[in-house]
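# Summary of the model geometry
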Amino acid sequence: MDLLREALVQSESLILTYFVILNSFYALLLFLSVPELWKHWQIIKDDDLARYLGSEALPAVSVMVPAYNMEASIVDSVECLLALKYSNHEVIVVNDGSTDQTMELLREAFSLYEVSPESRSTLGTKRVRAYYRSRNRPGIVVIDKDNGGKADALNAALAVARFPLVVAVDADTLIEPDALIRLARPFLLDPDVAAAGGTIRIANGCDMRHQRIVEPRVPHSFLAGMQVPEYLRAFLFGRLGWNVLGGTLIVSGAFGIFRRDYLLEIGGYRTGNVVEDMDLIVRLHKHLREKGVRYSVPFIPDPVAWTEVPSDLTTLGRQRERWHRGLVLTMASNWRMVFNPRYGVVGLVVFPFFFFGELLAPLIEIVGLIATAVGFYLGVVDLQAALLFLTAAWGYGMIITLTAVIMEESTFRTYRSFADFLRLVGYALAEPFGYRQMTVLWRVDAFRCALRGRHSWGDMKRRGFSHAGADA
Amino acid sequence: MNFELLALVVTTETTLMLIMLGVLVGRRMVLLRQEELGTIETSVASEAFKRWIGGTASRQEFLDSIGSCRPATVLSLLHKYAVIIRGDRWDELISMIRESGWFNYVTRYARSRFWWRRLVAVRLLSILGREQDLPLISRLFSDRHQMVRIAVVPVLGRVNEQALVDRLVAMALSSQPVVRGYLFQALARLGASVVPVIKDRVGRSSSPDELAILLALIGELNAVELLGTVTGNARHESACVRLTVATVLRAFPHPESAGALASLLSDPVAQVRAQAAVSLGLIGGVEKLQVLQDALTDVDGNVRVNAGIALRRLGADGLEALRRALRGGADRAGEAARFVLNLEEPALSGYRGQEYGSLIATAGGLD
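Let me sum up the structure you'll find in this document.

Conventions we followed
Residues numbered from 1 in each chain as written. Chains lettered and ligands numbered in written order. Predicted model: local features only at pLDDT ≥ 70, side-chain atom pairs only at ≥ 80, totals over all residues. Heavy atoms only, no water. Helix = DSSP H or I, 4+ residues; strand = E, 2+ residues; numbered from the N terminus. Rg over C-alpha atoms; globule rule 2.2 N^0.38 Å. Buried < 20%, exposed > 50% of the residue type's maximum accessible area, 1.4 Å probe, protein only. Areas by Shrake-Rupley, 256 points an atom, 1.4 Å probe, with all protein chains shown as cover. Salt bridge = Lys/Arg side-chain N within 4 Å of Asp/Glu carboxyl O. Contact = heavy atoms within 4.5 Å. Buried area = accessible area lost by both parts, 1.4 Å probe. Nonpolar A, V, L, I, M, F, W, Y, C, P; charged D, E, K, R; others polar. Core = buried A, V, L, I, M, F, W, Y, C linked by side-chain atoms within 4.5 Å. Axes fitted to C-alpha atoms, helices over the stretch in contact; angles between N-to-C directions. Parallel < 35°, antiparallel > 145°, perpendicular 65-115°, else oblique. Left-handed = near helix turned anticlockwise from the far one by under 90°. Bend = angle between axes of the 7 residues up to and from the residue.

The next subject is the overall build of chain A. If you tally the helices and strands in chain A, you get 16 helices and 12 strands. Whereas a compact globule of 472 residues would reach a radius of gyration of roughly 23 Å, chain A reaches 23 Å, a difference of no more than 12%. Overall, the C-alpha framework of chain A stretches about 80 × 50 × 45 Å when taken along its three principal axes. Across the 472 residues that make up chain A, the buried fraction comes to 60%. A total of about 18100 Å² of accessible surface is found on chain A, and carbon and sulfur atoms cover 59% of it.

Moving on, we come to the pattern of salt bridges. Scanning the entire structure with this criterion turns up 39 salt bridges over all chains. Residue R201 of chain A pairs with E408 of chain A through a salt bridge whose shortest N-O separation is 2.8 Å. Placement of R201 of chain A in strand β8 (residues 195-202) and of E408 of chain A in helix α13 (residues 383-410) is noted, with a sequence separation of 207 residues between them. The pair formed by R201 of chain A and E408 of chain A is uniform in burial state, with each residue classed as buried. Among the salt bridges present, the one from R59 of chain B reaches E99 of chain B, with a minimum N-O distance of 3.0 Å.

Reports often express the size of an interface as the amount of accessible area lost when the parts come together. Taken together, the 62 residues of chain A in the interface contact 50 residues of chain B. For the pair chain A and chain B, the summed buried area comes to about 5000 Å², and 66% of that belongs to carbon and sulfur atoms. At the boundary of chain A with chain B, the tally comes to 1 salt bridge. For R28 of chain B, the salt bridge is made with E409 of chain A, and the minimal N-O distance between the two is 2.8 Å. Counting only elements with at least two residues in the side of chain A that touches chain B, the list comes to α1 (2-45), α2 (47-53), β2 (89-96), β3 (112-115), β4 (128-134), α6 (179-189), α13 and α14 (418-430) of chain A. When residues in the side of chain A that touches chain B are grouped by element, the largest group, 16 residues, is from α13 of chain A. Taken together, the residues that form the side of chain A that touches chain B break down as 31 nonpolar, 14 polar and 17 charged.

This paragraph deals with the environment of M407 of chain A. All names here are of chain A. Here M407 shows up in helix α13. Spatially, the C-alpha atoms of M407 and L37 are 8.0 Å apart, while their sequence positions differ by 370 residues. Not counting the four nearest positions on each side in its chain, M407 is found in contact with S33, V34, L37, L236 and F237.

Counting residues in each nonpolar core, the largest one holds 266 residues, and the members touching the most others are F258 of chain A together with F62, L78, L93 and I198 of chain B. Element by element, the count of residues in this core is highest for helix α7 (residues 222-245) of chain A, at 11 residues. Residues contacting F62 of chain B, with those up to four places away along its chain left out, are A48, F49, W52, L93, M96 and I97 of chain B. I15, F19 and A392 of chain A together with L6 of chain B belong to the second largest nonpolar core, which has 7 residues in total.

With that settled, the discussion passes to the packing of helix α3 (residues 71-82) of chain B against helix α6 (residues 115-128) of chain B. Residues and elements named next belong to chain B. It is at 10 Å that the axes of α3 and α6 come closest, and there the two elements cross at 25°. Taken together, the axis directions place α3 and α6 in an arrangement best described as roughly parallel. The way α3 lies across α6 gives a crossing that is left-handed. Touching P71, L75, L78, H79 and A82 of α3 are V120, R123, L124, S126, I127 and L128, all from α6. Residues belonging to the contact of α3 with α6 are distributed by class as follows: 8 nonpolar, 2 polar and 1 charged.

Once that is clear, we can look at helix α11 (residues 344-359) of chain A. Two residues of an α-helix separated by three or four positions point the same way, owing to the 3.6 residues in each turn. Residue and element names in this part refer to chain A. Along α11, the sharpest change in direction is near 30° and occurs at V350; proline P352 comes one to four residues later. Along α11, the positions that sit buried rather than exposed are G344, V346, G347, V350, F351, P352, F353, F354, G357 and L359. On its buried face, α11 is in contact with α1, α7, α9 (276-291), α10 (313-333), α12 (361-378) and α15 (435-451).

On the secondary structure map, G453 of chain A appears in the loop between α15 and α16 (465-468). Along the backbone, G453 of chain A and L188 of chain A are 265 residues apart, and their C-alpha atoms lie at a distance of 43 Å.

Given below as structure tokens:
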């Protein structure tokens, strides 16, 4: 019993140390993200730059859209992508073996005709049935192939992309009309950019017309609403902070731009991975560091894409479990990079942070809660002190989230109505009470799934954009 | 665990959170007010402009009004009125503002430690800059912040300084494709003053990549004085240079161009032949109808399709040539003709801009 008591006291100290170090790092990220946001805000405000960016000086871009059973929205989505404000872009739609009417609808809407194989690289993918172009719309290529998953579909698109920059877009993501122009901006301001990511915002509850967000709203639905401050925190404060440290590890798979030659050098997307976006960026970092190439992977806050987030517990749980399982598997397959000076800041700072601060965080949080409960039962832990510690930990999280909300309010102020603003603040304050614990449990479950060798995405139930607005 | 320390942390956090909530609500109110004031400020400044243009405000009244506004507001209005007011009245306005204390105040930003302030000065100079600002412009041209360097480029359009043009060309040659594309556009706006610089550079150029970039710039400038330089490189040993020539010639509807493009239709590299067909269609080289018709039997599918599209662009004679090929049967030429004749107009225009348009990005990838 004495041994257990001693172990509890020791674990308590360890957890406290972990808490202090991790939160100090969060404070550092926060500290770094404020001037970074300021920098971008100054650039965004420059009307002249917006005019230059609207010109034909921009590089040509291939937009890659994997689609699986998207009959409800595929035609509208492709129309929106074709109508993006960009002087020179093509849209490559990959029908990834859909079992519904996706291909037929595309064929009919765009008057497709079959063309000879257009593959320009040797990325191995599932069998491509046919390549199509449109008789009535320029700049669209459709690939019809056997089902192989999102990564496989993106590889098929990457193989035929004609332009030096490629943008990966989810078919169910709404891209703001000028987002592509904004996303290409870093390539003008920094010659070493290898990839860049934009902001993902939540479409649930927003007022929508013709596949465009006309009035951003904070959803009334509790689960969808809780994710708004969570996304703000992840994008505005997390990724901007990493910009300064030179180590963004995630360019969202739903909306990111890449140099095509670099993607081909690393063999494109890796199939069978549940978080193909993180895996891709990690391999990109690894490859470019090993080659000794100067590069950067910035996050740009103003290009915005809107996505529908899960609004029921089961789907949200599956999504969070999958994200964390992807982190576990990515870390496991690249563990040699942790604390490896060969990979510079990525090996010495980013990877250790993602390992200790992100990967292990839910385990440590659960262990901490259990240890506190056991310690209290054994009389080792004082209840008041334990509660105070929990309050301090949650309070810190709330401060971080509120800071992200302040950053949003000081710059983009996406949610114009006062009611939305109050709802946003309310969700930010409510996060530690129940929602956070659920996400911790889902993330812990990811370890179990990873150990059991599960590689599936799980069924992601979405209501579609026609219903997303109805959440309000 | 130190109870007192934890209590202190929690108290501090709670206080901080309350302050943050106060800041959030206060900030929202302030922003609403600022938006209101901004609208008022814009309308005051706008009114000052209108009254001065209408001759109902004196010089001093105008300067007093804009002096009370933020530089960003005045700059936006200057951009707006630059396209409305023209001629002597605009020159008068420029002179008046340049002589004011406000102008000196904002141009002092060019020496600021903060890049975003230097950016404001650049924006001002891009509308009101003159030769006497050259030392300042030159300094901003070498700014340590890329954003400032990028923004100052259009200012060159306001001052005629050969040394800066030369620096700009050098910058374009050493830049990555995206920045190069941007600098090309700026150089194209400078017009004739760039031609001697390019001519000199082409003469000194030793690398095929550099030559290709310079030829592309000639196309961007539409510098007909240098057409001979372009066609003279149609037989260059580098495929990258030949592709550039084939692309650039679409900007020069001239018999000399048509001749060079016709010879490029027999180039060993398919991409060069395809681009030559595209360009020939774009310049309307009717006299080269026969070579395009021959290209319908090319071994490369893209060349055949682009030759067909070029023929379709040539009007009645081209269409007749396509129909003849179609009647000829199911050989390569017949298939290409059927494919092209079935294309609707939007798809046809799509081929024009997208097939081989991204020259700057592709240059260098062939050799």
